[in-house]
Amino acid sequence: MASGVVHNKRTLWQQIVRNRSCYFFMSGYLIVFLLFTVIPVLAAIVLGFTNFNLVQSPGFVGLDNYVNLFLNDDVFLIGLKNTLILAAVTGPVGYILSLALAWMINELPPKPRAFLTLLFYAPAISGGAAYVWTIIFNNDTNGYLNSFLYNFGLVDSAVQWLSDERYMMAVAVIVTLWMSMGTGFLSFIAGLQGVDKSMYEAGAMDGIRNRYQELWYITLPAIKPQLLFGAVISIASSFGIGELMTQLFGYPSNNYAMHTIVLHIQDYGGARFEMGYACAVATVLFVMMIVTNSVIQKLLRKVGS
Amino acid sequence: MNNKVQKAKKHRYHRRIGRSFGGDVAMIIFLLLFGSLTAFPLIYAIGNAFKPLDEFFVFPPHFFPQSPTMQNFSDLNNLLGNSLVPFSRSLFNTVFITVVGTCGLILLASMCAYPLAKKEFPGRQFIFKVIVAALLFNGTVTAVPLYIVMSKLGLVDNYLVMILPAFGLPMGLYIMKQFMEQMVPDSLMEAAYIDGARDFRVFWSIVMPMVRPAWLTLIIFSVQALWGTGSNALIYSDEYKTLAYSLSQIAASGLAYAGVGGAIGLIMMSVPIVVFILTQSNITEAMSTSGMKE
């Protein structure tokens, strides 16, 4: 028994030595990846239990940060609520919209297909263009939407799109959706083009009658790997909303109405240097993302069955 | 010849299965409607760059510039020429960060992807699983802990603060590894090994040229992320400030600079879009391998 363990260890070590060039190839990337992705995530989880402030050495405070977050920090609760609403709305809607548009574009000839792909993808990569929404939704009559509604007599005074709490969430959702045909969308388009055409013919013989049956029984199962990938991208971006809210509504937005968890992390970490507290907030976000991801991945595996 | 005709017939056949005319029309209408809604803000953003200032304050506002002008761009140059960081300097910073960050990512990610895709060694699956899990955490959610790590490493007020994290973009490695695994035939590599080539030679002369679509895809992801690099809490000196930072300062200085803001917006949005247009067909090829295995 004991000698067996030693034997295994030796072969493992021998395998590592024999493949040393593999580790050499990976070393550059893995060092950077460890330093700037793995360690920050792990550090956030550990520091979330401390009162670290970047100057003094961190002291262990147990669950104090989490107790304060959920019981005493009203602004965090607003951020939590908004993040959940934005994720629950823009995540699934953006995902389904990306899939629907990719599916429709896929039926077109190559030239229009390439053009429409560019058009829908462009907002996702042109962060610089998001500012026009602040002109479109501007609070005074110089705003495009207000002027339009005013001219048609639909409103008699300018609507405060960017500071009235009744409208801010709707504005945020519209702009986010506009930018949501990103990496997942590209993956869907590429996946759809790769579906084996003979599967459709086989399906037609087996009694597939229309494009919707074809979508559910043939196309979606065939692009399941892309669907799983797209879901990860969608969760990563919909839970990470923050920067865009500052661009649209300023920081802080009126009454913190469009506060999100990412903005809360930045506020405590970047401005107040209460790093322990900010890390606790980040940990809450990480846990929410990981849990959502594992649920969604389980659900998507059922597609077409 | 005969084969070709058969292929064409098959293709037509596929397109006709269950395609009702009504469904086609509904689909085209939806695409047109949604396409114009998407295009509207983009066209508006382009138009704004060429609008003279007074047109920003007319009521009702015009969609297209009435008397297009290049004034905004020369204003931008003058405005930034007088500021602490000249326009040329912040432009240089952004271009420098984008180019170095992108080249580094391509080199490191492809070197790391090669054994992960093509070799068998202890830890291979574990490493890839960690990288897939990391796809969830982009820079926005890890910014504050990253700041702590950076400051503990003494990386303050330095280009590296903005460049180094880009080298380790999880999406870059993921796309590269998937493409290598599915698109580079093992037989080619084996032949080279039999001819006596070493690992690096096989990687550099055989694998790298074959994964060109994947590194073009890495370019768009990396350029998109780096070109928009804005303020960074660890950058204090003005000479390291980026274009996006200078631009956000101007945009924040009020409606009097709306025209300059429009010019800035156009500069910021056009670079990633142009890069995408140049690489589009390769990206579609590379993304076809992006799916996740169950």
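The shown structure was predicted, so the numbers you read here are calculated from the model rather than taken from an experiment.

## Observations regarding the interface of chain B and chain A
You'll often see interface size given as the accessible area lost when the parts meet. Taken together, the contact pairs 100 residues of chain B with 99 residues of chain A. Between chain B and chain A, the buried area comes to about 8600 Å², and carbon and sulfur atoms account for 76% of it. Ionic pairing is found between B:Asp24 and A:Arg211, a salt bridge with its closest N-O pair at 2.9 Å. Put simply, chain B and chain A have 10 residue pairs in polar contact (both at pLDDT 80 or more) between them. Considering each element in turn, the side of chain B that touches chain A owes the most residues, 17 residues, to helix α2 (residues 21-49) of chain B. Tallied by class, residues from the side of chain B that touches chain A come to 69 nonpolar, 22 polar and 9 charged.

## So, the environment of A:Ile296
Residue and element names in this part refer to chain A. Examined against the element boundaries, Ile296 turns out to sit in helix α15 (residues 275-300). Taking the relative accessible area as the measure of exposure, Ile296 reaches 28% and is therefore partly exposed. A sequence separation of 68 residues divides Ile296 from Leu228, and the C-alpha atoms of the two residues are 8.4 Å apart. Aside from chain neighbours lying at most four places away, what touches Ile296 is Ala231 and Ile235.

## Re helix α8 (residues 170-183) of chain B
Residues and elements named next belong to chain B. Compared with an ideal rise of 1.5 Å per residue, which puts 14 residues at 20 Å, α8 spans 20 Å between its outermost C-alpha atoms and is within 8% of the ideal. With 11 of 14 residues buried, α8 lies mostly within the body of the structure. For α8, the set of buried residues is Pro170, Met171, Gly172, Leu173, Tyr174, Ile175, Met176, Lys177, Gln178, Phe179 and Met180.

## Some thoughts on the side chain of B:Gln178
All names here are of chain B. Inspection of the secondary structure puts Gln178 in helix α8. For Gln178, a relative accessible area of 3% puts it in the buried group. In terms of polar contacts, Gln178 uses its side chain to reach the backbone carbonyl oxygen of Gly291, at 2.7 Å. In contact with Gln178, other than residues within four places in its own chain, are Phe128, Thr289, Ser290 and Gly291.

Quick notes on the rules
Residues numbered from 1 in each chain as written. Chains lettered and ligands numbered in written order. Predicted model: local features only at pLDDT ≥ 70, side-chain atom pairs only at ≥ 80, totals over all residues. Heavy atoms only, no water. Contact = heavy atoms within 4.5 Å. Buried area = accessible area lost by both parts, 1.4 Å probe. Salt bridge = Lys/Arg side-chain N within 4 Å of Asp/Glu carboxyl O. Polar contact = N/O pair within 3.5 Å; in protein donor to acceptor, adjacent residues only side chain to side chain. Helix = DSSP H or I, 4+ residues; strand = E, 2+ residues; numbered from the N terminus. Nonpolar A, V, L, I, M, F, W, Y, C, P; charged D, E, K, R; others polar. Buried < 20%, exposed > 50% of the residue type's maximum accessible area, 1.4 Å probe, protein only. Expected span 1.5 Å × (residues − 1).

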